[in-house]
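# Structural overview
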Amino acid sequence: MLLVFAAASALAQSAPPASVSLDGVITGWHTVRPGETLVGITTRYLGSNERWKDNWALNPAIQNPHVIQPGTRLRIILDFETAPPVARLKVVAGKVEARPVPIPWNQAQVEDLLVERDGLRTYSQSSTEIEFRDGTNLVLSEESLVFVRPSQRAPTGPRKRSIEIVEGQAEVQALVPGAPRTDVEILIGSATATATRTADGLAQTRARKTDDGTAQVMVYEGASEVAAAGASVAVARGMGTAVKKDTPPSPPEELLAAPRSLEPAAGSEWRYGDPWFSWEPVEGAASHTLEICRDPRCGELALRTLDLAAPRMRPEPLPAGDYYWRVTAVSLSGLDGFPSESKPFTVLFTGQDTTGPTGTVTISGRHFDRDGTTYWAPDARLEVTMTDEQSGLDSWAAQVDGRQLAEAALAGPWTNGVHTGKAIGVDRVGNLGETAALRYLVDADGPAIDVRLGGKELVEEKLGSEALPKRWDRRKRKWIATYAPATVARKPVWTPLASASDGSPIADTYDRGQALKTAQRPQSRIDVAGNNPGVLLFAAGKLSLGPRSVSVRHGDSVTLFDPDEADGPGTVKSPVLWIGARDAGTGEVVRMTVSTAVEAGETYLVVEAEDLFGNRRRVGLRFRPLAN
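Every value quoted in this text rests on a predicted model; they were computed, and no experiment measured them.

## A word on the state of the cysteines
Put plainly, two cysteines are in a disulfide when a covalent bond ties their sulfur atoms together. Taken as a whole and judged by the stated rule, the model has 1 disulfide. One disulfide in the model links C293 with C298; its S-S distance is 1.9 Å. Taking the sign of the S-S torsion, about 85° here, the bridge from C293 to C298 comes out right-handed. You'll find C293 and C298 in the same group, each marked buried.

## A word on the side chain of D112
Mapped onto the fold, D112 is located in the loop between strand 5 (106–107) and strand 6 (113–114). What makes D112 buried here is its relative accessible area of 5%. A polar contact of 2.4 Å, which involves the side chain of D112, links it to the side chain of R73. When sequence neighbours within four positions are dropped, the list of residues in contact with D112 reads W29, R73, A87, R88, L89 and Q107.

## A word on a negative patch on the surface
On the surface, E143, E167, D211 and D212 cluster together to form a negatively charged patch. Mapped onto the fold, D211 is located in the loop between strand 14 (203–209) and strand 15 (215–221).

## Re the nonpolar core
Core analysis: the largest hydrophobic core is formed by 32 residues, its most contacted members being L114, L120, L138, V146, I186 and V226. At 4 residues, strand 11 (residues 159–174) tops the list of elements feeding residues into this core. With residues up to four places along the chain from it excluded, the contact list for L114 reads V86, A87, L89, A98, G119, L120, I130 and V148. Within the second largest apolar cluster, 18 residues are counted, among which are V528, I579, A609 and L621.

## What to know about the packing of aromatic side chains
Overall, the coordinates contain 13 aromatic pairs when judged by the stated rule. Seen from their ring centres, W52 and W56 are 5.6 Å apart, and the 15° between their planes marks the pair as stacked. In this pair, W52 and W56 are both assigned in helix 3 (residues 52–58), 4 residues apart and thus about one turn of the helix distant. We classify W56 as buried; its relative accessible area is 4%. The interplanar angle of 75° and the centroid separation of 6.1 Å between the aromatic rings of W414 and Y440 together place this pair among those described as edge-to-face. Residue W414 is located in the loop between strand 33 (403–405) and strand 34 (417–427), and its partner Y440 is located in strand 36 (residues 438–442); the two are separated by 26 residues in the primary sequence.

## Some remarks on unusual backbone geometry
Across the junction of E263 and P264, the peptide omega takes the value 10°, indicating a cis bond. Residue placement: P264 occurs in the loop between strand 20 (260–263) and strand 21 (268–270). In this structure, P413 follows G412 across a cis peptide bond, with omega equal to 5°. Among the structural elements, P413 can be located in the loop between strand 33 and strand 34. In this structure, E111 is a non-glycine residue whose phi angle is positive, near 80°. By secondary structure assignment, the location of E111 is in the loop between strand 5 and strand 6. Even without a glycine there, the phi angle at Q125 is positive, about 55°. In this structure, Q125 sits in the loop between strand 7 (119–122) and strand 8 (127–132). Its relative accessible area of 27% is what places Q125 among the partly exposed residues.

About the cut-offs
Residues numbered from 1 in each chain as written. Predicted model: local features only at pLDDT ≥ 70, side-chain atom pairs only at ≥ 80, totals over all residues. Heavy atoms only, no water. Disulfide = S-S within 2.5 Å. Buried < 20%, exposed > 50% of the residue type's maximum accessible area, 1.4 Å probe, protein only. Helix = DSSP H or I, 4+ residues; strand = E, 2+ residues; numbered from the N terminus. Polar contact = N/O pair within 3.5 Å; in protein donor to acceptor, adjacent residues only side chain to side chain. Contact = heavy atoms within 4.5 Å. Patch = residues over 30% accessible without salt bridge, like charges linked within 9 Å, V, L, I, M, F, W, Y side chains within 5 Å. Areas by Shrake-Rupley, 256 points an atom, 1.4 Å probe, with all protein chains shown as cover. Salt bridge = Lys/Arg side-chain N within 4 Å of Asp/Glu carboxyl O. Lys, Arg positive; Asp, Glu negative; His and termini not counted. Charge placed at Lys NZ, Arg CZ, Asp CG, Glu CD. Core = buried A, V, L, I, M, F, W, Y, C linked by side-chain atoms within 4.5 Å. Phe/Tyr/Trp six-rings, centres within 6.5 Å; stacked < 30°, edge-to-face > 60°.

Rendered as structure tokens:
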């Protein structure tokens, strides 16, 4: 006893080294149990106590390496080649607790060490990944409870590592080829599943204990032997089995395939945290499970949603950061199918997308604005621009007068009249947005042609009495106002008295000399430019006036005249004809042409008018001379 005490005193009096080199050294965090010393802990993990002072140097707060308060966390040097079975926490996400027996449950931390009989449990939307010294990983999902059991070394064959699932789900993963051959024994209630690796050292088995005590085993890589109630079944890759409490395993069934056509695609970036996740439904699936994680293997769980009937889901907003997501189809028997490949995506800004797309509706092509109204030519094009800075634009549709139009119809042609257009967009999370309405007037008709047949009164109305031409009356020996040029022929010959447009009074443009000269040499064409043009024509003799359509835009047949001003119905002696053009659309006629034509002894007037957009109207007027 005295020798032992003296040795302990010598150890206590020695000082730890000032520092220790950790190049190439693996360390972990050990929770001190009652009665443990630094020498014993070092021996446990390294097989000897030679480096206990190095461990002391890693923990300078320890005053006495032989008397350490239980529950203290120590940083310990590890040697996975010689150490006894040990696991190290690689990932901790959310609320995860560890129980280093007999220390009570406490918050687990990355690099915590677990040895035989230690426990680990996760809470809602939490997970952890455990790394064993042989490279095998154990991913513990949410609301799960697992204990590390004493490992067994068979007389022949690989060593068996043992874990017990008391609640929830754990997945054994050995996905690095060439790792040491170690089988993992999983205890699930009354069932035992032994996950074995392939010849390349690969294994992936998911095991779960349901609320009613049923054990479920699904093999994605390698194989498994499941035993219960004195019976066992071999479960190959891509197969699964269920074991109800105290009953033999069910025959293995094929697992469902991984869902495809996942959106968002790999590498997507989102300016908000709640995008829609969607996938192609898997035939035979009763539901789906969506997992959003910080790593491809979902050791660091961010969100897990079960029992999704529809093949899409929009989560609560995620914090900004990098993520992976995957989805798994669940069969009618409750077994998980193959998980889809984990797709990385990035949330750029924390928050929710609650606003819809924005945009504008504009016009390209011939148009102009006047007095707050936009006038369009029939061939103008409706241009839609819509964007969504957060989730991105999914689709948009244009509406004109409340009716949805195909994109090809935005180029027209448009019908005559007033229209209202706008666009409605949908972003990738379903928010609606619409542009401001654009009200526009389409001018698709040519100008209207006004024709009036009259006499002196019509001339005075258009020219004014002071502007009437004068003729010399030899008998009275004075100038007398008249509207008729000299008679030039018995047949009707139209002669222009005057022409004008808005802003240029007709009296100012009347040229008596030109009218008289024209009467002597009848011209066959009169061109009148300007806005809303008009022309006065005179014909010798007595005529009747009737409408005749030559070619009228859109199939109209419009000739306007007022026979009430004539001496008889549509008849007047020595008539004066007023021909004018006006446009109800743009309100602007840019030119009018009056020309004469003779067929079968009858004289025709052909009136053509064109508006600002090039819409034309062509009307033919027929006249017959009446007997004197």
